[in-house]
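These are the residues of each chain, in order.
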Amino acid sequence: MSEPLVRRMREFGTTVFATMTKLAVETGSINLGQGFPDTDGPARMLERAVEAVRDGFNQYPPGPGVPELRRAVAEHREKWYGLAYDPDGEVLVTVGATEAIAAAVLALCEPGDEVIVFEPYYDSYAAAVALAGAVRRPVTLRVDAGRFTFDPAELAAAVGPRTRAVLVNSPHNPTGTVFNRQELEAIAEVCRERDLVAISDEVYEHLTFDGVEHVPLATLPGMRERTVMISSAGKSFSVTGWKTGWICAPAPLVAAVQAVKQFLTFTAAAPWQLAVAYGLREEMDWVNGLRADLQAKRDRLIAGLETAGFGVLRPAGTYFVQTDIRPLGFDDGLELARRLPELAGVVAIPTQAFYDNVSRGRHFLRFAFCKKDEVIAEAVTRLRHLSSGSTL
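Residues numbered from 1 in each chain as written. Predicted model: local features only at pLDDT ≥ 70, side-chain atom pairs only at ≥ 80, totals over all residues. Heavy atoms only, no water.

Things to note about unusual backbone geometry
Here the residue pair Ser170 and Pro171 is connected by a cis peptide bond, since its omega of -10 degrees sits within 30 degrees of zero. Note on placement: Pro171 falls in the loop between strand E7 (163-169) and helix H7 (181-194). Cis geometry marks the peptide bond from Asn173 to Pro174, where omega comes out at 20 degrees. Phi at Ala145 takes a positive value of approximately 55 degrees, unusual for a residue other than glycine. The topology assignment puts Ala145 in the loop between strand E5 (142-144) and strand E6 (147-149). Overall, Ala145 belongs to the exposed group, its relative accessible area being 78%. The phi dihedral of Ser238 falls on the positive side, at around 55 degrees, and the residue is not glycine. Looking at the element boundaries, Ser238 is found in the loop between helix H8 (233-236) and strand E10 (245-248). (Helix = DSSP H or I, 4+ residues; strand = E, 2+ residues; numbered from the N terminus. Buried < 20%, exposed > 50% of the residue type's maximum accessible area, 1.4 Å probe, protein only.)

Brief notes about the sheet that holds strand E9 (residues 227-232)
With mixed pairing, seven strands are arranged side by side in an open sheet as E2-E10-E9-E8-E7-E3-E4. Strands at the two margins of the open sheet, each flanked by one partner only, are strand E2 (91-94) and strand E4 (135-140). If you compare each strand with its neighbour and ignore which way they point, the axes differ by 20 degrees on average. Note: strand E8 (residues 197-201) against E9, four bridges, orientation parallel. Residue pairing across strands places Ile199 opposite Val228, the latter belonging to E9. Here helix H4 (residues 96-108) sits on the sheet in contact with E2, E7, E8, E9 and E10, set at roughly 160 degrees to E9. Each of E2, E9 and E10 touches helix H9 (residues 251-261); the most contacted strand, E2, lies at about 25 degrees to it. (Pairing = 2+ DSSP bridges. Axes fitted to C-alpha atoms, helices over the stretch in contact; angles between N-to-C directions. Contact = heavy atoms within 4.5 Å.)

As for the UniProt feature "domain: Aminotransferase class I/classII large" (unreviewed entry) in the chain
In this numbering, the UniProt entry assigns the feature "domain: Aminotransferase class I/classII large" (unreviewed entry) to residues 30-383. Between the end C-alpha atoms of residues 30-383 the distance is 11 Å, and the span holds 41% helix and 18% strand. (UniProt positions renumbered as here; feature names shortened; annotations may be inferred.)

A word on the nonpolar core
Within the largest apolar cluster, 75 residues are counted, with the highest numbers of intra-cluster contacts made by Val105, Val228, Phe310, Leu340, Leu365, Phe367 and Leu383. The dominant element in this core, judged by the number of residues it contributes, is H4, at eight residues. Not counting residues within four places of it along the chain, the set of residues in contact with Val228 comprises Ala104, Leu108, Val197, Ala198, Ile199, Ser200, Ile247, Cys248, Ala249 and Leu253. If you look at the next biggest cluster of nonpolar residues, it comprises 27 residues, including Ile116, Phe148, Leu184 and Ala188. (Core = buried A, V, L, I, M, F, W, Y, C linked by side-chain atoms within 4.5 Å.)

Some remarks on the pairing of E7
Remark: a regular strand shows side chains that alternate across the two faces of the sheet. Judged by how many residues are buried, E7 sits mostly within the fold: six of seven residues are covered. Relative to E7, strand E3 (residues 114-119) runs parallel, the two being bridged by four bridges. Across the sheet, residue Val117 finds its bridge partner in E7, namely Leu167. As paired strands, E7 and E8 are joined by five bridges and run parallel to one another. If you follow Ala165 over to E8, its bridge partner there is Val197. With H7 bridging E7 and the parallel E8, this β-α-β connection has right-handed handedness. (Right-handed = clockwise from strand over helix to strand, strands pointing away.)

Observations concerning the sheet that holds strand E15 (residues 364-368)
With respect to topology, four strands assemble into an open sheet ordered E11-E12-E15-E14, the strand pairing being antiparallel. Because the sheet does not close on itself, it has two edges, and the strands there are strand E11 (311-313) and strand E14 (349-350).

With respect to the side chain of Thr208
Along the chain, Thr208 turns up in the loop between E8 and E9. On the basis of relative accessible area, Thr208 is assigned to the buried category, the value being 8%. A polar contact is formed between the side chain of Thr208 and the backbone oxygen of Val212, at a distance of 2.9 Å. Setting aside anything within four residues of it in sequence, one finds Thr208 in contact with Pro171, Val178, His214, Arg291, Ala316 and Gly317. (Polar contact = N/O pair within 3.5 Å; in protein donor to acceptor, adjacent residues only side chain to side chain.)

A closer look at helix H3 (residues 67-81)
Its 15 residues give H3 an end-to-end C-alpha distance of 21 Å, which sits within 8% of 21 Å, the value for a rise of 1.5 Å per residue. Of all the positions in H3, only Leu69, Arg70, Ala72, Val73, Ala74, His76, Arg77 and Tyr81 are classed as buried. Elements that come into contact with the buried residues of H3 comprise E2, E9, E10, helix H10 (270-282) and helix H11 (284-308). Once H3 ends, the next one or two residues include Gly82, with phi positive near 70 degrees. (Expected span 1.5 Å × (residues − 1).)

Focus on the packing of helix H2 (residues 43-54) against H10
Packing of H2 against H10 leaves a shortest axis separation of 8 Å and a crossing angle of 145 degrees. Our pair here, H2 against H10, has a crossing hand that is right-handed. Residues Arg44, Met45, Arg48, Ala49, Ala52 and Val53 of H2 form the contact with H10, whose own contacting residues are Pro271, Trp272, Leu274, Ala275, Val276, Tyr278 and Gly279. The residue inventory of the contact of H2 with H10, partitioned by class, reads 10 nonpolar, one polar and two charged. (Left-handed = near helix turned anticlockwise from the far one by under 90°. Nonpolar A, V, L, I, M, F, W, Y, C, P; charged D, E, K, R; others polar.)

Here's what the structure looks like:
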């Protein structure tokens, strides 16, 4: 029998996250690879989900999402960003942000259309573009003044006659950068001038540090009408397993995405939707506390990584720290990621997995700090073996 997997998906095997998590389990290593917290979200929000199950909200909810959540999302957008969305037509609930991204790309891109992505990119972006039969055009984020950024000229040059969309992620996974207004305006200018749709992944919107502001792309002039704004509850409320996300966009764009989404999952689980509606309205103080806690965790992990000999890039948001492995005498992140369990009993993610041009990310490793303090402390202790030249 010939290869059963369709050609456009053959470059996508097991995700790097599954591979490295499996390695962590097999070796008993601390997993600072996959980005999920090891503590739960706000207790009352969790109880609200339990109450919804017990109260019988266990059948199909409406395809666009439970009205209560759609209203809560619209209220949240207006309160935090001054963006007014009609909950009946401009908000769509999805099974996490990953489905929202995939459905948006499938809905808005024809085969052969080009989609600009900023590399390194979250791995589902490339898969979504391939599923649509579209072509990805990477614009590389490079380190400048201690942070990842892009050259506006490279972005403009990446746009061609078949370009349909720009996939934007800020706060950015895996680099931890948060695009500033100048960078966002460069993206917006290209979108306006070349009539492009912006698909904006903002799942880390509330997890920024050191007073850095998250600015939604849709708030810039001329961008609300061409932006599919995506977020979710998973990161803000530490409930990644709930897979409850949403898009906000003009009604024609929402209708297009819903036309695809209804044949992917049809709808998302009702109990989580009701609980997230509660969270958006009542638990934002908890989210503010989470942000402060994550900033402290970030700082502890950075200090440990620097002591271990890594070059460290200080993230302005997300769960992740990018490190340069060259000061330790390594130049291949994939090789070091495979050896790190043996050398230090810790698992990280090789950032090169998120590049089209692998050589540009070969010397980076990504570590997650969304873990308990004692887990970070033990990981830091183990990583010291790298600088001492010994192994566990």
